[in-house]
Amino acid sequence: MRPTTAPAGHPGGSGVGLRPGDVSGGGPGVVYGYACNAYGGSGSYGGIGVVDASTGSVLGTVTTGPFYAPVVVAASGGQVYAADAGLSPSSLFLYDVSNSTPGTAPLQLVGERASICDNLRDLAASPDGTQVVTGCGWPYEHDVYSVNKLASVGVYPSGTYPNAAAWSGDGQVVAVGSDSAYAPDVRIYAAGGTAPQRTVDFGSGAYLQPRGLVVSADGSQTWAVTGDMYGGNL
């Protein structure tokens, strides 16, 4: 997947190289976030693209929505959630790819919620796409939004500086985490629960990395990527 030319009318201008920066394969196609120029760098403009999973061809790109360093997550129902990382505030966008046809935009923007948080670091969609969990530098909680008008539908309490979230494949378990040195790093919740079923602290010097969680299909196991505060020694 190496798109190399900006689409016509792209704010970065024709011929500007595109740099994929985030990938999600949960939907009908492979969805990726990209930036022009250095990914997320000064003066860059980005968007979201879709690749045909069977042929590898780029079906098209959309620049309505995230523009800086898009984080994307696709669900099996055709929903795609996206938000810019590293911006304050960050806005949340919802797209639909289930009815895309040749000659039309590969993603249809169907919802937007402005200023959901500061410094977004992760998005995690439920397997059926009906909810998305955010992990942001602020607020110090993992907020949950619904596919229905991106309404706020819950909170998973967590420590300071949330940076990761993940769902089990059956949709019954949600793992959330933060890189706080003063609270448990990972909390495991039953989906919709208000109190964690388990907490894990990695101890001094070990920090959960951004987007560093994944949960098994049946929710029985959670994996975490740790490192130092600079993202080294993984």
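These lines cover the structure that appears in this document, whether it is placed above or below. All of these numbers come straight from a predicted model, not from anything done at the bench. (Residues numbered from 1 in each chain as written. Predicted model: local features only at pLDDT ≥ 70, side-chain atom pairs only at ≥ 80, totals over all residues. Heavy atoms only, no water.)

**Some words on the state of the cysteines**
Alright, step 1. With the rule as written, the count across this model stands at one disulfide.
Alright, step 2. Each disulfide pairs two cysteine sulfurs, and for C117 the partner residue is C136, the sulfurs being separated by 2.1 Å. Taking the sign of the S-S torsion, about -60° here, the bridge from C117 to C136 comes out left-handed. Separated by 19 residues along the polypeptide, C117 in strand β8 (residues 108-125) and C136 in strand β9 (residues 131-138) bring together distant segments of the chain. Across this residue pair, the class does not change: C117 and C136 are buried. (Disulfide = S-S within 2.5 Å. Helix = DSSP H or I, 4+ residues; strand = E, 2+ residues; numbered from the N terminus. Buried < 20%, exposed > 50% of the residue type's maximum accessible area, 1.4 Å probe, protein only.)

**Observations concerning the sheet that holds β9**
Alright, step 1. Pairing is antiparallel across the open sheet formed by seven strands, whose spatial order is β5-β6-β7-β8-β9-β10-β11. Here the strands that pair on one side only, and so sit at the sheet edges, are β5 (70-74) and β11 (152-157). Neighbour to neighbour, the strand axes of the sheet diverge by 30° on average, direction disregarded. (Pairing = 2+ DSSP bridges. Axes fitted to C-alpha atoms, helices over the stretch in contact; angles between N-to-C directions.)

**Things to note about the environment of G212**
Alright, step 1. Within the secondary structure layout, G212 lies in strand β16 (residues 207-215).
Alright, step 2. Judged by its relative accessible area of 5%, G212 is buried.
Alright, step 3. With 48 residues separating them along the chain, G212 and A164 place their C-alpha atoms 5.9 Å apart.

**Quick word on the pairing of strand β6 (residues 79-84)**
Regular strands show a simple pattern: their side chains alternate between the two faces of the sheet.
Alright, step 1. Within β6, six of the six residues are buried, which leaves it mostly tucked inside the rest of the structure.
Alright, step 2. Burial along β6 is two-sided: Q79, Y81 and A83 facing one way and V80, A82 and D84 facing the other are all buried.
Alright, step 3. Pairing analysis gives five bridges linking β5 to β6, with the strands arranged antiparallel. Note on β6: the bridge partner recorded for V71 is A83.
Alright, step 4. Between β5 and β6, which follow one another and run antiparallel, lie four residues, and G78 among them has a positive phi close to 95°.
Alright, step 5. Sheet analysis places β6 next to strand β7 (residues 90-96), joined by five bridges and oriented antiparallel. By the bridge assignment, A82 is partnered in β7 with F93.

**Quick notes on the nonpolar core**
Alright, step 1. With 17 residues, the main nonpolar core has V73, Y81, L92, I116, L120, L123 and V132 as its most contacted residues.
Alright, step 2. Those elements that place two or more of their residues in this core are β5, β6, β7, β8 and β9.
Alright, step 3. No other element matches β8, which puts five residues into this core.
Alright, step 4. Once you skip the residues sitting within four places of it in the chain, V132 turns out to touch V73, Y81, L92, L123, A124, A125, D143, V144 and Y145.
Alright, step 5. If you look at the next biggest cluster of nonpolar residues, it comprises twelve residues, including V50, V62, V80 and V97. (Core = buried A, V, L, I, M, F, W, Y, C linked by side-chain atoms within 4.5 Å. Contact = heavy atoms within 4.5 Å.)

**What about a nonpolar patch on the surface?**
Alright, step 1. Among the surface-exposed residues, W138, Y140 and Y161 lie close enough to one another that they form a single nonpolar patch of about 330 Å² accessible area.
Alright, step 2. Turning to its location among the elements, Y140 is positioned in the loop between β9 and β10 (141-146). (Patch = residues over 30% accessible without salt bridge, like charges linked within 9 Å, V, L, I, M, F, W, Y side chains within 5 Å. Areas by Shrake-Rupley, 256 points an atom, 1.4 Å probe, with all protein chains shown as cover. Salt bridge = Lys/Arg side-chain N within 4 Å of Asp/Glu carboxyl O.)

**With respect to the pattern of salt bridges**
Alright, step 1. The tally for this structure, following the rule as stated, stands at three salt bridges.
Alright, step 2. With a shortest N-O distance of 2.5 Å, D22 and R211 are connected by a salt bridge. Of the two residues, D22 sits in strand β1 (residues 18-24) while R211 sits in strand β16, which places them 189 residues apart along the sequence.
Alright, step 3. A salt bridge links D122 to R211, with the nearest nitrogen and oxygen atoms 2.8 Å apart. Here the residue D122 occupies a position in strand β8, and R211 occupies one in strand β16, the gap between them amounting to 89 residues.
Alright, step 4. By sharing partners, the salt bridges in this structure join D22, D122 and R211 into a single network.

**So, the environment of P20**
Alright, step 1. Within the fold, P20 resides in strand β1.
Alright, step 2. Looking at P20, the relative accessible area reads 34%, which means it is partly exposed.
Alright, step 3. Sequence separation between P20 and A69 is 49 residues, and the spatial gap between their C-alpha atoms is 9.5 Å.

**Considerations on the side chain of R187**
Alright, step 1. As for its placement among the helices and strands, R187 is situated in strand β14 (residues 186-190).
Alright, step 2. One buried charged residue, R187, remains without a salt bridge, the closest side chain of opposite sign being D185 at 8.3 Å.
Alright, step 3. A polar contact of 3.4 Å, which involves the side chain of R187, links it to the backbone oxygen of P184.
Alright, step 4. Not counting residues within four places of it along the chain, the set of residues in contact with R187 comprises P157, S158, G159, V174, A175, V176, P196, R198 and T199. (Lys, Arg positive; Asp, Glu negative; His and termini not counted. Polar contact = N/O pair within 3.5 Å; in protein donor to acceptor, adjacent residues only side chain to side chain.)

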